[in-house]
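# Coordinate inspection notes
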Amino acid sequence: MAVVLVVDDSSKDRKLVGQLLESTSDLHPRFAHTATEALSVLEEQAPDIVLTDLAMNDMDGLELLAQVKKR
């Protein structure tokens with residue numbers, strides 16, 4: 001089962017993406033509402049895939065992915 005980290009500051013978008021992922025039996029979504037929270041989640045468990053919003057308040061999605069790549 002692949003773990004997918006969904007990072008989005010919109011609760012509606014997180015819920016929608018989560019529902020789509022859960023409809024696929026091989027994908028297990030984890031959620032973060034900020035990039036900072038996503039980095040904390042990465043400390044606990046490295047996901048197989050990161051889906052991120054590009055425009056967030058604390059850090060944009062490209063900066064987040066650069067941080068993920070460093071780890």
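These notes cover the structure that comes with them. Note that the coordinates shown come from a computational prediction; the quantities given were computed from them, not determined experimentally. (Residues numbered from 1 in each chain as written. Predicted model: local features only at pLDDT ≥ 70, side-chain atom pairs only at ≥ 80, totals over all residues. Heavy atoms only, no water.)

### Some words on the nonpolar core
Soluble globular proteins tend to pack their nonpolar side chains together in the buried interior. With 11 residues, the main nonpolar core is built from Leu-5, Val-7, Ala-32, Ala-35, Ala-38, Leu-39, Val-41, Leu-42, Met-56, Met-59 and Leu-64. The set of elements that each furnish at least two residues to this core consists of strand E1 (2-7) and helix H2 (35-44). With five residues, the single largest contributor to this core is H2. Residues in contact with Val-41, not counting those within four places in the same chain, are Leu-5, Arg-30 and Phe-31. (Core = buried A, V, L, I, M, F, W, Y, C linked by side-chain atoms within 4.5 Å. Buried < 20%, exposed > 50% of the residue type's maximum accessible area, 1.4 Å probe, protein only. Helix = DSSP H or I, 4+ residues; strand = E, 2+ residues; numbered from the N terminus. Contact = heavy atoms within 4.5 Å.)

### Brief notes about the pattern of salt bridges
Scanning the entire structure with this criterion turns up two salt bridges. One salt bridge in this structure joins Glu-44 and Arg-30, with 3.1 Å as the shortest N-O distance. Of this pair, Glu-44 sits in helix H2 while Arg-30 sits in strand E2 (residues 27-32), and the two are 14 residues apart along the sequence. With a closest N to O distance of 2.5 Å, Glu-43 and Arg-71 form a salt bridge. (Salt bridge = Lys/Arg side-chain N within 4 Å of Asp/Glu carboxyl O.)

### Topic: the sheet that holds E2
The strand order across the open sheet formed by three strands is E2-E1-E3, and the pairing between neighbours is parallel. The two strands at the open ends of the sheet, each matched to only one other strand, are E2 and strand E3 (49-52). In this sheet, adjacent strand axes meet at a mean angle of 25° when their direction is disregarded. Docked against the sheet, H2 engages E1 and E2, running at close to 130° with respect to E2. (Pairing = 2+ DSSP bridges. Axes fitted to C-alpha atoms, helices over the stretch in contact; angles between N-to-C directions.)

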